[in-house]
Amino acid sequence: MQDMGGDRVEEAVAGAVALLRTATGRDWDEVKAGRLEWSCLRTGVHIASDLIAYAGQLAGRAQSGYVPFEITLDEGTDHDGLLDVVEATGALLAAAVRTAPREARAFHPYPFRSANREGFAAMGVAEVLLHTHDIAEGLGLAYEPSAALAEYVLTRLFPHVQPGPGHWRTLLWATGRGDLPGRAPVTEWRWRNNLVIPGDRLTLQGVTPAAAADLLTGGDGGFDWLEGGPFQGTLEAAGMLLKAYEAGVHRPEFGLFALVRRGDGRAVGGMGFHGAPDEEGTAEVGYDLVESARGNGYATEALRTLCEWALARDDVRSLFATVESDNAPSRAVIARAGFVQVSENFGEEGLHAYELRG
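All residue numbers refer to position in the chain's written sequence, counted from 1. Only residues with pLDDT of 70 or above have their local features reported here, since the model is predicted, and side-chain atom pairs are shown and tallied only from 80 upward, although totals for entire chains, interfaces and linings are computed over all residues. Computation of side-chain values covers all heavy atoms of the structure but excludes hydrogens and water.

Caption draft 1: A look at the environment of Ala-16. When you line up the elements, Ala-16 lands in helix H1 (residues 6–20). Between the alpha carbons of Ala-16 and Ser-146 there is a distance of 11 Å; along the sequence they are 130 residues apart. Not counting residues within four places of it along the chain, the set of residues in contact with Ala-16 comprises Val-128 and Thr-132. Note on conventions: DSSP H or I runs of at least 4 residues are helices, E runs of at least 2 residues are strands, and numbering of each starts at the N terminus. Only heavy atoms enter the contact rule, under which two residues are in contact if any of them lie within 4.5 Å.

What follows is the structure in structure tokens.
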């Protein structure tokens with residue numbers, strides 16, 4: 001996954017500015033931007049403010065809140081000048097994305113308190129696309145960005161939204177700006193950056209639908225894998241994630257996580273859930289490691305971290321896992337994580353079944 005978002009930001013900004021420059025002679029201050037309460041002028045300023053804010057967050061590695069600054073336009077700035085600012089702030093965000101290290105994360109509140117470089121890029125693209133739509137609607141302009149840009153946003157920030165008939169239409173519906181056949185109107189919405197669960201030597205980094213799709217086509221999913229990775233179990237889990245996303249039942253908290261070493265940022269395996277908890281609050285876990293990473297206690301540490309996180313939730317009462325009877329190392333990992341064996345002949349394949357209760 002080579003494009004971490006800088007090109008996408010520039011593409012979104014270029015398309016928005018090209019359209020809006022055709023209407024700089026119009027009165028933006030007295031016209032509402034689409035369904036917003038803001039004027040078209042205020043919405044344009046908001047686009048620039050968000051782009052520079054995201055650039056500042058990522059470049060400054062802010063961890064506990066927003067970097068305390070605001071953008072202010074000089075008095076008398078006309079609409080062309082405002083669009084110059086949008087271009088400049090877009091370029092700054094693109095540069096921040098391109099120069100940020102792979103493991104860089106910074107504060108953003110929705111919903112897991114941080115985002116990586118790809119997340120900030122996707123948020124910037126979302127702000128540009130959606131608010132350009134709002135301004136264009138207010139001014140009576142026709143606007144439809146490329147399907148690839150809309151898909152870029154959906155597969156990174158809206159993993160909980162089932163793909164619909166057209167990526168742009170789906171994004172408009174998901175943000176309360178349009179309708180889709182058979183789906184109720186959206187009145188409240190919030191995007192979701194990927195979840196990261198910290199451990200001692202590892203971080204468990206949530207895999208997005210975009211990353212899962214890349215893994216399944218031979219890519220790295222945006223991770224720096226040890227030689228031999230990702231292993232087959234991780235690829236199978238990526239396939240499960242993508243099917244759940246396409247069916248509209250994916251919950252990113254209960255998806256796939258890449259296990260990334262803190263020391264060098266290398267991905268050593270995958271771990272996660274087979275789906276959301278059932279009605280009794282039971283969720284099934286699975287995992288694998290790249291062969292060269294085995295024997296270092298990574299699986300045990302990661303499983304303990306994931307279990308502690310999951311069992312602290314109100315919707316999880318117990319965790320379940322199955323292991324082949326001849327897989328002694330995996331059975332040892334399960335035991336060290338505190339699971340208790342509940343069956344020696346589970347299912348058609350005669351697996352050993354284990355449970356960990358909160």
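Caption draft 2: Structural detail: the pattern of salt bridges. Here, a salt bridge means any Lys or Arg side-chain nitrogen found within 4 Å of an Asp or Glu carboxyl oxygen. A complete count under the given rule lists 16 salt bridges for this structure. Between Asp-80 and Arg-21 there is a salt bridge, with its nearest N and O atoms 3.0 Å apart. Of this pair, Asp-80 sits in helix H3 (residues 79–99) while Arg-21 sits in the loop between H1 and helix H2 (40–60), and the two are 59 residues apart along the sequence. A salt bridge links Arg-21 to Asp-84; the shortest N-O distance between them is 2.7 Å. Residue Arg-21 is found in the loop between H1 and H2, and its partner Asp-84 is found in helix H3; the two are separated by 63 residues along the sequence. Take Arg-21: its relative accessible area is 28%, and that puts it in the partly exposed class. Each residue is placed in one exposure class: buried if its accessible area under a 1.4 Å probe, protein chains only, is under 20% of its type's maximum, exposed if it is over 50%, and partly exposed if it falls in between. For Asp-84, a relative accessible area of 43% translates into the label partly exposed. Within this structure, Arg-21, Asp-80, Asp-84 and Glu-87 form a network of salt bridges that share partners.

Caption draft 3: Structural detail: the packing of aromatic side chains. Stacked, edge-to-face and tilted are the three classes for Phe, Tyr and Trp ring pairs, Trp counted by its six-membered ring, which pair at centre distances within 6.5 Å; planes under 30 degrees apart are stacked, over 60 edge-to-face, the rest tilted. Taken as a whole, this structure holds nine aromatic pairs when the rule is applied. Summarising the aromatic geometry, the rings of Tyr-66 and Phe-107 are spaced 5.4 Å apart at their centres and angled 90° between planes, so their arrangement reads as edge-to-face. Of the two residues, Tyr-66 is situated in the loop between H2 and H3 and Phe-107 in the loop between strand E1 (105–106) and strand E2 (115–116); the sequence distance between them amounts to 41 residues. We classify Phe-107 as buried; its relative accessible area is 6%. With a centroid separation of 5.1 Å and 70° between ring planes, the pair formed by Phe-254 and Phe-273 is classed as edge-to-face.

Caption draft 4: Main features of the packing of H2 against helix H4 (residues 117–139). It is at 9 Å that the axes of H2 and H4 come closest, and there the two elements cross at 175°. Comparing the axis directions of H2 and H4 gives the class roughly antiparallel. Here Cys-40, Thr-43, Gly-44, His-46, Ile-47, Asp-50, Leu-51, Tyr-54, Gln-57 and Leu-58 of H2 come into contact with H4, specifically with Arg-117, Phe-120, Met-123, Gly-124, Glu-127, Val-128, His-131, Thr-132, Ile-135, Gly-138 and Leu-139. Here the contact of H2 with H4 is built from residues that sort into 10 nonpolar, eight polar and three charged. Every axis corresponds to a line fitted to the C-alpha atoms, with the helix fit spanning only the stretch in contact, and the corresponding angles, defined between N-to-C directions, vary from 0 to 180 degrees. Throughout, the term roughly parallel applies to angles under 35 degrees, roughly antiparallel to angles over 145, roughly perpendicular to angles from 65 to 115, and oblique to all others. For this classification, Asp, Glu, Lys and Arg are treated as charged, while Ala, Val, Leu, Ile, Met, Phe, Trp, Tyr, Cys and Pro are nonpolar and the rest, including Gly, are polar.

Caption draft 5: Helix H9 (residues 298–311), seen in detail. If you check H9, its first and last C-alpha atoms are 20 Å apart, about what 14 residues at 1.5 Å a residue would give, namely 20 Å. Among the 14 residues that make up H9, 10 are buried, leaving the element largely enclosed by the rest of the structure. To estimate how far a helix should extend, the number of its residues minus one is multiplied by 1.5 Å.

Caption draft 6: Summary view of the side chain of Asp-134. Mapped onto the secondary structure, Asp-134 falls in helix H4. Within the structure, Asp-134 has its side chain in polar contact with the side chain of Arg-177 (distance 2.9 Å). Apart from residues no more than four positions distant in its own chain, Asp-134 is found in contact with Ala-33, Gly-34, Leu-36 and Arg-177. Here a polar contact is taken to be a pair of N or O atoms separated by no more than 3.5 Å, where protein atoms must pair a possible hydrogen donor with a possible acceptor and residues adjacent in sequence count only if both atoms sit in side chains.

Any functional reading would require information that these geometric values do not contain.
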